[in-house]
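Below, each chain spelled out in residue letters.
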Amino acid sequence: MSHSKADRSALRKAVRARQDQIIADMSELVALPSLLGQEQSAQSWMANKYRAMGLDVETVAIDIAALRDKPGFSPPVIDTYDGRENVVGIHTPTTATGRSLILNGHIDVVPTGPADLWQQPPFTAHVIGDWLYGRGAGDMKAGLIASCHALSALRDIGQEPAAPVILQSVVEEECTGNGALACLHAGYRADCAIIPEPFNQTLMTAQLGVMWFQLHVTGSPAHVLDTSAGSNAIEAAYGFFETLKEVEDLWNHPGHRHDAYGAHSHPVNFNLGKISGGEWASTVPPTCEADIRIGFYPGMDMAEIRSMISDVANSATDNHPACKGATFTIDYRGFQAEGCVMDEYHPMMTMIGDLHREVTGNTIKNYASTATTDARFFQIYGNIPATCYGPKAEHIHGIDERVSISSVMEVTEVLALFIADWCGTNPRP
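### Side note on the overall build of the protein
Part 1 of the reasoning: Secondary structure assignment for the protein yields eleven helices and 20 strands.
Part 2 of the reasoning: Here the C-alpha atoms of the protein give a radius of gyration of 23 Å, agreeing with the 22 Å that 2.2 N^0.38 yields for 429 residues.
Part 3 of the reasoning: Principal-axis analysis of the C-alpha atoms gives the protein an extent of 80 × 45 × 40 Å.
Part 4 of the reasoning: Going through the 429 residues of the protein one by one, you find that 55% of them count as buried.
Part 5 of the reasoning: Considering only contacts within the protein whose residues lie at least 6 apart along the sequence, 84% involve residues at least 24 apart.
Part 6 of the reasoning: Total accessible area on the protein stands at roughly 17,600 Å², and carbon and sulfur atoms take up 50% of it.
Part 7 of the reasoning: Positive and negative charge centroids in the protein, built from 29 and 50 side chains respectively, lie 8 Å apart.

### Quick look at the packing of helix α2 (residues 19-30) against helix α5 (residues 137-156)
Angle between the axes and distance between the axes: these two values describe a pair of packed helices.
Part 1 of the reasoning: Running from N to C, α2 and α5 point in directions that differ by 135°, and their axes come no closer than 10 Å. The angle between α2 and α5 places the two elements in the oblique class. At the point where α2 passes α5, the crossing takes the right-handed sense. Seen from α2, the contacting residues are Gln21, Ile22, Asp25, Met26, Leu29 and Val30; seen from α5, they are Ala137, Lys141, Ala142, Leu144, Ile145 and His149.
Part 2 of the reasoning: Split into classes, the residues belonging to the contact of α2 with α5 amount to eight nonpolar, two polar and two charged.

### Observations regarding helix α6 (residues 178-185)
Part 1 of the reasoning: In terms of burial, α6 is largely enclosed, as seven of its eight residues are buried.
Part 2 of the reasoning: Residues of α6 that are buried: Asn178, Gly179, Ala180, Leu181, Ala182, Cys183 and Leu184.
Part 3 of the reasoning: Where the residues of α6 are buried, they touch β1 (56-60), α4 (64-67), β2 (86-91), β7 (165-170) and α10 (375-381).
Part 4 of the reasoning: The first or second residue beyond α6 is Gly187, which carries a positive phi of 100°.

### Remarks on the side chain of Ser152
Part 1 of the reasoning: Summarising the element assignment, Ser152 is placed in helix α5.
Part 2 of the reasoning: By relative accessible area, Ser152 is classed as buried at 10%.
Part 3 of the reasoning: The residues contacting Ser152, other than those within four sequence positions of it, are Arg18 and Met53.

### A word on the sheet that holds strand β16 (residues 366-369)
Paired through backbone hydrogen bonds, the strands of a sheet run either parallel or antiparallel to each other.
Part 1 of the reasoning: Spatially, β15-β9-β16 is the arrangement adopted by the three strands of the open sheet, whose pairing is mixed. Every interior strand has two partners, whereas the edge strands, β15 (340-341) and β16, have only one.
Part 2 of the reasoning: Pairing analysis gives two bridges linking strand β9 (residues 203-207) to β15, with the strands arranged antiparallel. Within β15, the position partnered with Ala206 by the bridge is Val341.

### Digging into the confidence of the model for the protein
Part 1 of the reasoning: Put simply, the protein has an average pLDDT of 95, and 96% of its residues get 70 or more.
Part 2 of the reasoning: Contacts from residues 1-6, a stretch scored under 50 in pLDDT, to residues over four places away or in other chains number seven contacts.

### What to know about the sheet that holds strand β18 (residues 393-394)
Part 1 of the reasoning: Strands sit in the order β4-β5-β19-β18 across an open sheet of four strands; the sheet is antiparallel. The open sheet has two edge strands, β4 (126-128) and β18, and neither has a second partner.
Part 2 of the reasoning: Taken together, the three bridges between strand β5 (residues 131-133) and strand β19 (residues 402-404) define a ladder with antiparallel strand orientation. Opposite Leu132, over in β19, you have Val403 as the bridge partner.
Part 3 of the reasoning: Most of the contacts of α5 go to β19, to which it runs at about 45°, and overall it touches β5, β18 and β19.

### Observations regarding the packing of aromatic side chains
Part 1 of the reasoning: Tallied over the entire structure, the rule returns nine aromatic pairs.
Part 2 of the reasoning: Considering the side-chain rings of Phe213 and Tyr332, the 6.1 Å spacing of their centres and the 50° angle between planes classify their relative orientation as tilted. Here Phe213, found in strand β10 (residues 209-218), pairs with Tyr332, found in the loop between β13 (327-331) and β14 (336-337); they are 119 residues apart in sequence, far enough to count as distant.
Part 3 of the reasoning: For Phe213, a relative accessible area of 0% puts it in the buried group.
Part 4 of the reasoning: Judged by centre distance (5.5 Å) and plane angle (55°), the ring pair of Phe240 and Phe328 falls under tilted. Residue Phe240 is found in helix α7 (residues 233-252), and its partner Phe328 is found in strand β13; the two are separated by 88 residues along the sequence. By the burial criterion, Phe240 is buried, and Phe328 matches it.
Part 5 of the reasoning: Taken together, the ring pairs connect Phe213, Phe240, Phe328 and Tyr332 into an aromatic cluster.

### Some remarks on the nonpolar core
Part 1 of the reasoning: By size, the foremost hydrophobic cluster in this structure holds 91 residues, and its most contacted members are Tyr50, Leu101, Leu167, Ile194, Phe418 and Ile419.
Part 2 of the reasoning: With near-sequence residues (within four places) excluded, Leu101 lies in contact with Pro164, Val165, Ile166, Ala190, Cys192, Ile194, Phe418, Ile419, Trp422 and Cys423.

### Concerning the state of the cysteines
Part 1 of the reasoning: The final tally for this structure, using the stated rule, is zero disulfides.
Part 2 of the reasoning: Sulfur of Cys183: no disulfide; nearest cysteine sulfur belongs to Cys148 and is 15 Å away.
Part 3 of the reasoning: Residue class for Cys183 comes out buried when judged on its relative accessible area of 1%.
Part 4 of the reasoning: A disulfide-free cysteine, Cys388 has its sulfur positioned 9.0 Å from the sulfur of Cys340, the nearest such atom.

What counts and how
- Residues numbered from 1 in each chain as written.
- Predicted model: local features only at pLDDT ≥ 70, side-chain atom pairs only at ≥ 80, totals over all residues.
- Heavy atoms only, no water.
- Helix = DSSP H or I, 4+ residues; strand = E, 2+ residues; numbered from the N terminus.
- Rg over C-alpha atoms; globule rule 2.2 N^0.38 Å.
- Buried < 20%, exposed > 50% of the residue type's maximum accessible area, 1.4 Å probe, protein only.
- Contact = heavy atoms within 4.5 Å.
- Areas by Shrake-Rupley, 256 points an atom, 1.4 Å probe, with all protein chains shown as cover.
- Lys, Arg positive; Asp, Glu negative; His and termini not counted.
- Charge placed at Lys NZ, Arg CZ, Asp CG, Glu CD.
- Axes fitted to C-alpha atoms, helices over the stretch in contact; angles between N-to-C directions.
- Parallel < 35°, antiparallel > 145°, perpendicular 65-115°, else oblique.
- Left-handed = near helix turned anticlockwise from the far one by under 90°.
- Nonpolar A, V, L, I, M, F, W, Y, C, P; charged D, E, K, R; others polar.
- Pairing = 2+ DSSP bridges.
- pLDDT = per-residue confidence, 0-100.
- Phe/Tyr/Trp six-rings, centres within 6.5 Å; stacked < 30°, edge-to-face > 60°.
- Core = buried A, V, L, I, M, F, W, Y, C linked by side-chain atoms within 4.5 Å.
- Disulfide = S-S within 2.5 Å.

Structure below.
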């Protein structure tokens, strides 16, 4: 499809004219606290938004029985998926001549931490200068809104994509990815997928694998007057984690690093994220539970990683003084997410780079992410080239999360031009 310069400048102008509406939409969506298990109000907002854009709206339930044996499945962290559906908005052209596109994003947000540490309540979106604050503002409600307005801006100039465009708002990106997996198995397919995660307008070229597991420690209780008679389950959990950290050091060593992470000084991070145990100040704690997250490189085998974790448990029991007499059992719930690498020369990737330069005047930087995203489902299991390109945000998963409004506007322009160039355009019927 050829586009005159006027088309492009009209489209970019149409995006810029939407700024107030974009800020208003982000603020409304941030105000709906879509924490794990509480996504419903925000998802119904997204469904209404897609309908108002003239898209066909479908919902995709997560059927654990159907997904459990599929590659990429992660055992859920909470018990029910009732009322926790993905929302999909579909544009179908009158005649399809171009390449199709999925614009995916996740509605779920992580917990806020202590609300009193925030300058304003975490789910009260507020703007200071170029920044819009609130839990989920950057990660990743801004991206969901950018996708909507990128598509709507085409309509403003009397055009529509000449290929199917599928907008997806999914649940559980932050703990399993089962929302995106359910969409994949519901049959949504396209020639490429973009996720506007808040990666500072970089082009994601790789992402690490992430695994969550729960460590259950049983010690033996005793009165503190003779702690040596018991084994302290909480101290044993720390002993296990110290032993595990030796593996983190090893994997970060330049000799062990994956090529995509050669320039990164510490790509692999292990986190002791949650711990609970004990029952009485004067009793040696008999049990303890810990939730642990580990990162690992693309191409590493999940079964081998699980066997490494059980080796760590054995080694800690044998060698770490705090683990003497303790018993470890391990459960796998939450992320069981493989890493992946993108082809940076794929036409989608080079097109994003070209459009980023057109909009910002700067050469795009490649980004090998040390986290995971839902891009893996498209890339590994759907055979759909996928990447992340989204706005600049700060303190995501932290206190006073915020997203740059000017960056959101640039991302929306890039996405609008991408839809036009990738899908082609037709006059709106």
